[in-house]
Amino acid sequence: MYGAQTSFFPMLVEELRASLPNVAETIDQLTACQSNEQRRLLLRQLGALWYRQDGEPEVLAELGLALAELHGVEPGVALSELLLAYGAAREEQRTREWENHLVRRMAELKGLHRIISAANSTLDLDTSMQLVVETVAEVIGVEACSVYLYDKNSDDLTLRATHGLNSAAVGQIRIRMGEGITGWAAREGRPIAVRDVRRESRFHLEPGLGEEPFRAMLAVPIVLFSIERFHLGAAKLQGAITIQTYGPRDFTAEEINFVETVAGELAFFIVNAQLYQQTDEQLHQKVRELTTLQQVSKSIAEQLNLEEVLKLIVAKAVELSHAERADIFRVNNDGRLALAATHGSSHREEVPPFIAQAVSEARPLAVHNAFNDSRFPELAAVATAENFYSLFCMPLRVQQGRTIGAICLYTREPRHFDYEQVRLLSTFADEAAIAIENARLYDESLRALAVKSALLQEMHHRVRNNLQTISALLTMQQRRLEPTNRGALALRDSVARIQAIAGVHNLLCREDIGVTTVDAVARQIVDSARLSLAVPDRPIRFEICGDQARVDSREATVLAIVLNELVVNAMTHGLAAEGGTVVIETAQQDGKITVELRDDGPLHPPPPESGGGSGLGLHIIRTLVTEDLQGEFSLATGDQWTIARVSFPQREIEP
């Protein structure tokens, strides 16, 4: 403050009295003091006070020499006291500055720690950015802090978090690149500090943001790789962070560096959050795709209605690929390509040539611009009529290498179908091909089954006719013999057995292929017995009840012979005197079929001539039941009923 030319003590004192009265007061105290120790103490106070008043050390030295001469103090002592105190005060000031600097650095590190902890603890971008603006405002000591994110599609910045400004404007304020201080810093890719925005022509006041009271402003771009900030590309810019104060302010290099460091951390966090969001969306898309494919596969497995399955496939293809329309074309039996299913209102009657070409060449077809494709000049007219811009067509192929149709997607906006979309469409194409091929095989199976059914029924019909011819011949032979003759009785039993077998074939030629029921076999046997053995004066009542057990042709034939033997035995022995009741009951339980035949013969008198039989019938029954049916046979006579029981395993029969 004072130059070295101020060499005269009286003039210096007078000047100090005018400008620095506290220094002049200390000099006066020194003049009045008589103690050397007290003088040395006052000299030290004067040296420290001189530094705090920004005095020059040269002038202080001249002042010390003058005081030493004036008060009879050793010049060396006076100079040492003054200069040592001056140096101590300077070091004390530097120590305080370093302490303040360290405090600020600690606050910055603490703030960075909070920001990094927030970034590592959550992937909620909005929550973390709000913590960032609050922390930066607290550390630097400013009234407002805001974060803007860059939108590459619209090439502008959107307010996403703020502290000190209108929070209702979050998400509403959009700043174009280069607009205002914030847009300027984002476009330049470097920090921009403005001491007073009212004197800066580039400053743009955003209505509704509440920036009117603020004067100073610092805007720092949020760049992913700040080392390349002077070669900034749109892909690296993530946004901008701004701080504002009520009064004018010169932001220090340390403050700017701190905000840049925060911006760098925030850039990584923004990218990580965006990648997480993209990964999460892709994961959800995969889950939707897998769920949809499971639904389609389940639909193909559960039903053979081809039309419904193809409608489901085109609907899900439109939903997952975000297209406006999807078509499935199918090659019919006559070789013509026709529309099989659509979703999105397609009313075409003829298949366009470009679809037919894709099917004939068995190669995918991608059209980015339907109005400017030199391969298909006629495509522009079709696109205009059906309102689409891009399309992708995937042929439907089966394992044999045959192409049986195609699935096509249409969009009204320009679309480049990427690998994932092509892969998804290929999967839908495979599902559609499976559905179409299954339907074709099912139709062929039905036709083959109908042919085999007709052939098998014709075979049963002819066998039945042959057995009836044999039965008629044996009946004619029986009539030539005496009714009581053993030969006539043997022929009668043989005719009954043949009629039983013929009855089974009669059933099989009318019902399902090779399948009938125990109830139907029993009724056939009863009807035949009534015709051949019943006598009007000895009426026999038949009752058939129980479960409808299904048996195949082999079991039905064996069961018919067994039931015929049991019915004939009941009618010719137990009920031959005056008739009675025969009950045939069928039961299914524990994987077995049990047929029980009961007659009330014990309640009636024996026949007039009840000679013992040959036992051939029971032998036939036991042999057929145990060996052919792999079952069990029992015969018991009680007080009221004679019960014959046949039990055999129930076999699985395909519907």
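Engineer: Hey, could you run me through the pairing of strand β5 (residues 216–223) in this one?
Structural biologist: For a regular strand, the rule is simple: side chains alternate between the two faces of the sheet. Of all the eight residues making up β5, eight are buried; the element is thus mostly covered by neighbouring parts of the structure. By the alternation rule, side chains of β5 split into A216, L218, V220 and I222 and M217, A219, P221 and V223, which are all buried. Relative to β5, strand β4 (residues 192–194) is paired through three bridges, and the arrangement is antiparallel. By the bridge assignment, A193 is partnered in β5 with L218. The sheet contact formed by β5 and strand β6 (residues 237–245) spans eight bridges and is antiparallel. Across the sheet, the residue bridging to V223 is L237, located in β6.

Engineer: How should I be thinking about the nonpolar core in this particular structure?
Structural biologist: Soluble globular proteins tend to pack their nonpolar side chains together in the buried interior. Counting residues in hydrophobic clusters, the biggest one holds 40 residues, and the most contacted among them are V562, L566, V567, V582, I584 and V646. Contributions of two or more residues to this core are made by α14 (518–533), β13 (540–546), α15 (553–574), β15 (580–589), β16 (592–599), α16 (616–628) and β18 (642–649). Among the elements that make up this core, the one with the highest residue count is α15 (12 residues). Contacts of L566, omitting those with residues within four sequence positions, involve L597, I621, F633, A644 and V646. Judged by nonpolar contacts, the second largest core, of 31 residues, contains L293, I313, A429 and A439.

Engineer: Mind showing me how you'd approach the confidence of the model for the protein chain here?
Structural biologist: Taken over all residues, the pLDDT of the protein chain has a mean of 80, while the share at 70 or more is 85%. Within the model, pLDDT remains below 50 along residues 1–7, and this stretch shows 19 contacts once partners closer than five positions in the same chain are excluded. Every residue in residues 226–235 is under pLDDT 50, and counting partners more than four places away or in other chains gives 13 contacts.

Engineer: I would appreciate a short explanation of the side chain of D196 in the present structure.
Structural biologist: In this fold, D196 is placed in the loop between β4 and β5. On the accessibility criterion, D196 (9% relative accessible area) is buried. Engagement of the side chain of D196 in a polar contact is seen with the backbone nitrogen of R198, the distance being 3.1 Å.

Engineer: When you look at the pattern of salt bridges in this model, what are you seeing that I'm missing?
Structural biologist: Two side chains that carry opposite charge are able to pair once their charged atoms sit near each other. In total, this model carries 23 salt bridges according to the counting rule given. The partner of E179 in a salt bridge is R176, with the nearest N and O atoms 3.7 Å apart. In this structure, the salt-bridge partner of R645 is E596, at a minimum N-O distance of 2.5 Å. Of this pair, R645 sits in strand β18 while E596 sits in strand β16, placing them 49 residues apart in sequence. Classification of R645 as partly exposed rests on a relative accessible area of 35%. Bridged by salt links that share partners, the residues E585, E596, R598 and R645 form one connected network.

Engineer: Looking at this model, I keep getting lost on the sheet that holds strand β7 (residues 325–331). Mind explaining?
Structural biologist: Hydrogen bonds between backbone groups are what pair the strands of a sheet, and the pairing can be parallel or antiparallel. As summarised here, the arrangement of the five strands in space is β8-β7-β11-β10-β9, forming an open sheet in which the pairing is antiparallel. Across the chains shown, the open sheet's two edge strands, defined by having one partner strand only, are β8 (337–343) and β9 (365–367). When the angles between neighbouring strand axes are averaged without regard to direction, this sheet yields 15 degrees. For β9 and strand β10 (residues 390–397), the ladder comprises three bridges, and the chain directions are antiparallel.

The rules behind the values
In every chain, residue numbers begin from 1 and rise along the written sequence. Only residues with pLDDT of 70 or above have their local features reported here, since the model is predicted, and side-chain atom pairs are shown and tallied only from 80 upward, although totals for entire chains, interfaces and linings are computed over all residues. Calculation of side-chain values draws on the structure's entire complement of heavy atoms; hydrogens and water are dropped beforehand. Only protein chains enter the accessibility calculation, which uses a 1.4 Å probe. A residue is then buried if its area is under 20% of the maximum for its type, exposed if over 50%, and partly exposed in between. Numbering of helices and strands runs from the N terminus, with a helix taken as a DSSP run of H or I at least four residues long and a strand as a DSSP run of E at least two residues long. Only when DSSP finds a minimum of two bridges between them are two strands counted as paired. We define a nonpolar core as any set of buried Ala, Val, Leu, Ile, Met, Phe, Trp, Tyr and Cys residues linked to one another through side-chain atoms lying within 4.5 Å. Contacts: residue pairs with any heavy atoms within 4.5 Å of one another. The predictor rates its confidence in each residue with pLDDT, a number between 0 and 100. Any N or O atom pair separated by 3.5 Å or less is treated as a polar contact, with the protein-specific requirement of one donor-capable and one acceptor-capable atom, and with residues adjacent in sequence counted only for side-chain atom pairs. In what follows, salt bridge is the name for a side-chain nitrogen of Lys or Arg lying within 4 Å of a carboxyl oxygen of Asp or Glu. Each axis is a line fitted through C-alpha atoms, taken for helices only over the stretch in contact, and angles between the N-to-C directions span 0 to 180 degrees.

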